[in-house]
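Coordinates in review
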Amino acid sequence: MSWTSNCWLVAIRDEIPADEIRRWWNAKETPLLDDLVMRAPRVWLGKMSDSGEEALPSPARRVYALLFLRGTLPEYVVPVLDEELIIEILAAFQPQGDDNPTDRYGAIAEVTAFLAEHQGVGALTDEACVP
């Protein structure tokens, strides 16, 4: 079974309890963080597709994977948009030759402006399945 979801980068300014962050990264219920993410400033990264057998590469998927890695290792955190992470996000967001040709992705200028505006705050991705 294949699926496609829209993916947004969101800025989180609030302090989040450690147990809530751990549950978030383990895909458990997180009422506080779910509410904050829903109301957070956001920029659309694009679509992520899964062929049913493998995740198909895209700029949005690379940013999603980067934030997951930064948020879970070596401990569970909400990654902070510092200068290093912003550079990594922009590098991950660059289109690559093996990207899924049917996926669309957001404008690099909008993502860059969002990152500059929210430097110093937490960052997560939010995704929603596309019907």
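This text follows the structure it describes.
Each chain carries its own residue numbering, running from 1 in the written order of its sequence. Where local features are concerned, this predicted model is filtered to residues with pLDDT of at least 70; where side-chain atom pairs are given and counted, the filter is 80 or more; whole-chain, interface and lining totals use all residues. Excluding hydrogens and water, the side-chain values take into account all heavy atoms of the structure.

Salt bridges, as used here, are contacts in which a Lys or Arg side-chain nitrogen is within 4 Å of a carboxyl oxygen on Asp or Glu. Inspection of the entire model under this criterion finds seven salt bridges. Here Arg39 makes a salt bridge to Asp35, at a shortest N to O gap of 2.9 Å. Residue Arg39 and its partner Asp35 are located together in helix α2 (residues 31-39), separated by four residues, close to a single helical turn. One salt bridge connects Arg70 with Glu84, and the closest N-O pair in it is separated by 3.4 Å. Each helix is a run of DSSP H or I of at least 4 residues and each strand a run of E of at least 2, with the numbering of both proceeding from the N terminus.

We call a residue buried when its accessible area falls under 20% of the maximum for its residue type, exposed when it is over 50%, and partly exposed in between, using a 1.4 Å probe and counting protein chains only. For strand β1 (residues 3-12), a buried count of seven out of 10 residues is recorded, marking the element as mostly surrounded by other parts of the structure. At least two DSSP bridges between two strands are needed for those strands to be called paired. Looking at chain direction, β1 and strand β2 (residues 42-50) are connected through eight bridges and run antiparallel. Following the sheet pairing, Cys7 is matched in β2 by Gly46.

The next thing to look at is the packing of aromatic side chains. Only centres within 6.5 Å qualify two rings of Phe, Tyr or Trp (six-membered ring in Trp) as a pair; their planes then separate them into stacked at under 30 degrees, edge-to-face at over 60, and tilted for everything else. Taken as a whole and assessed by the stated rule, the structure comprises two aromatic pairs. For the ring pair Trp25 and Phe68, a centre distance of 5.5 Å and an interplane angle of 80 degrees mean the geometry is edge-to-face. Within this pair, whereas Trp25 is found in helix α1 (residues 18-25), its partner Phe68 is found in helix α3 (residues 59-72), the two being separated by 43 residues in sequence. Of the residues examined, Trp25 reaches a relative accessible area of 11% and is grouped as buried. Judged by relative accessible area, Phe68 falls into the partly exposed class, the value being 35%. Judged by centre distance (6.2 Å) and plane angle (90 degrees), the ring pair of Phe93 and Tyr105 falls under edge-to-face. Within this pair, whereas Phe93 is found in helix α4 (residues 83-93), its partner Tyr105 is found in the loop between α4 and α5 (108-117), the two being separated by 12 residues in sequence. In this structure Phe93 comes out as buried when scored by relative accessible area, which is 1%. Here, a charge over a ring means that NZ of Lys or CZ of Arg falls within 6 Å of the ring centre while also lying within 35 degrees of the ring normal. The ring of Trp8 has Arg42 lying over it, and the distance from NZ or CZ to the ring centre is 5.4 Å.

Regarding α2, the residues found buried are Leu33, Leu36 and Val37. Taken down its axis, α2 places every buried residue within 100 degrees of arc, on the same side. Pointing more than 90 degrees away from the buried face of α2 are the exposed residues Pro31, Met38 and Arg39. Working definition: the arc comes from the directions between the helix axis and the C-beta atoms, pointing outward to the latter.

Along the polypeptide, Asp103 turns up in the loop between α4 and α5. Charged residues are defined here as Lys and Arg on the positive side and Asp and Glu on the negative side; His and the ends of the chain fall outside this count. No salt bridge is formed by the buried Asp103. Its closest oppositely charged neighbour is Arg61, at 6.6 Å. Those residues within four positions of Asp103 in sequence are excluded, and the remaining contacts are Lys47, Met48, Ser49 and Ser58. Whether two residues are in contact is decided by their heavy atoms: any pair within 4.5 Å suffices.

Nothing here speaks to function; it is all geometry.
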